[in-house]
Amino acid sequence: MTVPKMLPQKILFGLMALSFASCGLFKKSNENTFSHGKISFMLVDTSGNPLGGEGAGKVIDAMKRWTGVDVEFRYIPTDEYNKKVTEVFEHPSSAPMIMHINKVNQELIQAVNDDFLWDLNEFIWDAEKYPNLSQANKNVCKSLEVNGKLIGLYKARDIGRNGFSYRVDWAEKLGLPEPKTPEDVYNMMYAFTYKDPDGNGINDTWGLAMCNYTGPFDVIQTWFGCGNAWTEENGKIVPIHQTAAYKDALDWMRVLYQEGLMPSDWETRDSKTWQAQITDGHAGVFVDVMDGGRRIWDNLVSHKVPSVSDPSKFAGMNLIGAINDKTLATSGYNGFLVITKSASREQVETCLHYLDKMCDDEMVILAAYGLEGVHYNLQGGNIVPISTKSSSSDYSALNQTQCFIPHALNAAKPSVVQNERKRKEIQIIAENEKSAVFNPAVSYLANSPTYATEGGKLDKIISEARTNYICGKISEVGLQAAFDEWNKNGGTEVLSEVNEQYRADKNKE
C-alpha cells in the first residue's frame, strides 16, 4: 500500500504563532467554543501544492478560529485517488474520518453494506446543530441514498443549470415573443430558419444550434413531461422511453430535422464548433447550460457584433431557462463527502459541525479569495483580488471541504462585481431550480447488479435509437424494435431491480 502524501505538520495545524490579518470577514465576534479535538480528511490533490503557499498558515488559522476544529488534511494526487479509495475500503483501519468520493458505484455500495459509512440522515436534519447542512436539497440527497441510508453530503452544483437561450436581436427583428411552450419554440426556430433574421437576403440560417453532443435532446424531452431518464408513473419507476410523452418529444424533434430547423449534418459536427454556430451568425437557439448561453453572449459583445434590430447596440442572447415550466436537472452535485466509521458518533458531530461552518459565507469567501488585506481588498462592498494566481495555493484547496449548502459562491457576500450578463445567468439558474426535473432512479440504478454490468449497453441502445428516429433512419417500427432490444438485453431485469428498491423505500415511509 502506498503511503499517502501528507501536508507538513506545520501547515496542517497552523503556524499558529503567526498573527493573521484583522480581516473584515472576521471582525464580528465568532469566538467558537466548539472544540472536540481533530478530524481528518482524504481529498484530491489537483494542483500539486495544496495549502502549500507562504500564506497558508494564516488561512488555516482563520479557518480554525471560525470552525473551532483542528483538521488533518491528506491530499492524494488525482491519478492515484481512486486506487487509494479502494485501498481504504479494503483496509478500513486506514480510513480518514471524511473522504471525497466521485460517484456511487458497486464498490461504494459494498462499503455501505459492510457498515463502513455513517447514515447521515441520523444527523444533518437537525437545524439547530447544522443550520446550513439541514437546508440540503432533499432530491439531491435522495440520489445519494443506498438502502435508505444517506451515505454522503453532496458538493453542490447548480441544479437549474440547463435551459434555453436565443439571439434576442433576431427575435426582436422578426417580432417574436419570448417562448413559453414547445410550440412557441418551434415557431421561433422556423422563423430563424426561413424568415431571414439577419436581413442579408440569403438563406443561410437555421433555428437550433446542434452538434454531435446530444445533451440538447435530453433537455428538450423534459418540456413534454416525460421526465429525466426515468420517471415515476402509476406507482412505479419506469425508463422514460416507456412513456407516451417521450414519443411526443421524439416526434417533435423529428419535425425539426425534417424541416431543416437544425443542421442536417449535426451528427458529424464537432462540439468545439457548437457555440460558434451562433456567434458566427448561422443559428439562433442554444439549448444547453445557461453559462454556455452567457458565454455566447460574451463573445458577441467582445467581438462587437452589431444587433440586427438596432445596429447602435451589440447583439445578445436572452437566457430564459425552462420551457413549459420544465428543464433538465443536473445531478445537483460534483462528488460528495462520506463520513467513515473511523469516526465515533461524537466525532461525527464534530465532522458535521466543521462541514456546516465551512458553508458559512465567511468560509466560502476564504476558500475562494483568501484573506482580506492579504489576498483581496473590499471596494464599495465588492471583492477586488490583489493576489497573484500562485497565491491561490494559500487557500483554494479548502473548497474541497465545502458542500456549498444552502448556496454556492455566486450567492455569497461579499462578492466580486458581476456584469449584466453574468447576473442574468445567475438569476435564471436560480429560477430554474423550481422547474428542474430530477431522475428518481439514480441511487436505485447504482444498486442494480444488472445495470452495473449492462447499463452502458442499455443506455447506448436507447440513445442510438433516438438519434436514428429523429434523423429518419428508422420508423416507429424500428424504434419499437430498439425498445424490445433494451428489454431483452437486461432492461427488464433492471426495471425489476429498480422497482424492488423503490417499493422498499415506499414501505418505509
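Above: the structure in question.
Residues numbered from 1 in each chain as written. Predicted model: local features only at pLDDT ≥ 70, side-chain atom pairs only at ≥ 80, totals over all residues. Heavy atoms only, no water.

**Some details on the overall build of the chain**
When its secondary structure is counted, the chain shows 17 helices and 18 strands. Computed over the C-alpha atoms, the radius of gyration of the chain is 25 Å, within 12% of the 23 Å expected from 2.2 N^0.38 for a compact globule of 509 residues. Burial status across the chain gives 53% buried among its 509 residues. Pairs at least 24 residues apart make up 79% of the contacts formed inside the chain by residues separated by at least 6 positions. Separation between the mean location of the 51 positive side-chain charges and that of the 65 negative ones in the chain comes to 3 Å. (Helix = DSSP H or I, 4+ residues; strand = E, 2+ residues; numbered from the N terminus. Rg over C-alpha atoms; globule rule 2.2 N^0.38 Å. Buried < 20%, exposed > 50% of the residue type's maximum accessible area, 1.4 Å probe, protein only. Contact = heavy atoms within 4.5 Å. Lys, Arg positive; Asp, Glu negative; His and termini not counted. Charge placed at Lys NZ, Arg CZ, Asp CG, Glu CD.)

**Side note on the sheet that holds strand E12 (residues 317-321)**
With mixed pairing, the 4 strands of this open sheet are ordered in space as E8-E11-E7-E12. Edge strands, defined here as strands with exactly one partner in the open sheet, are strand E8 (206-208) and E12. Averaged over all pairs of adjacent strands, the angle between strand axes in this sheet comes to 20 degrees, irrespective of strand direction. Pairing of strand E7 (residues 162-167) with strand E11 (residues 283-289), which is carried by 5 bridges, proceeds in the antiparallel orientation. Across the sheet, Gly 163 pairs through a bridge with Asp 288, a residue of E11. (Pairing = 2+ DSSP bridges. Axes fitted to C-alpha atoms, helices over the stretch in contact; angles between N-to-C directions.)

**Thoughts on unusual backbone geometry**
Between Ile 405 and the following residue, Pro 406, the backbone shows a cis peptide bond with an omega angle of 10 degrees. Mapped onto the elements, Pro 406 comes out in the loop between strand E16 (382-385) and strand E17 (415-416). In the segment running from Lys 413 into Pro 414, the intervening peptide bond is cis, with an omega of 0 degrees. With respect to the helices and strands, Pro 414 occurs in the loop between E16 and E17. You will see that Asp 196, though not glycine, has its phi angle at about 50 degrees, which is positive. Along the polypeptide, Asp 196 turns up in the loop between helix H7 (182-194) and E8. You can call Asp 196 partly exposed: its relative accessible area is 23%.

**Digging into the side chain of Asp 361**
Looking at the element boundaries, Asp 361 is found in helix H13 (residues 361-369). No salt bridge forms around the buried Asp 361; measuring N to O, its nearest opposite-charge neighbour Lys 413 is 7.8 Å away. Among the polar contacts made by the side chain of Asp 361, one reaches the side chain of His 407 at a distance of 2.6 Å. Leaving out residues up to four positions away in the same chain, Asp 361 has contacts with His 407, Ala 411, Ala 412 and Lys 413. (Salt bridge = Lys/Arg side-chain N within 4 Å of Asp/Glu carboxyl O. Polar contact = N/O pair within 3.5 Å; in protein donor to acceptor, adjacent residues only side chain to side chain.)

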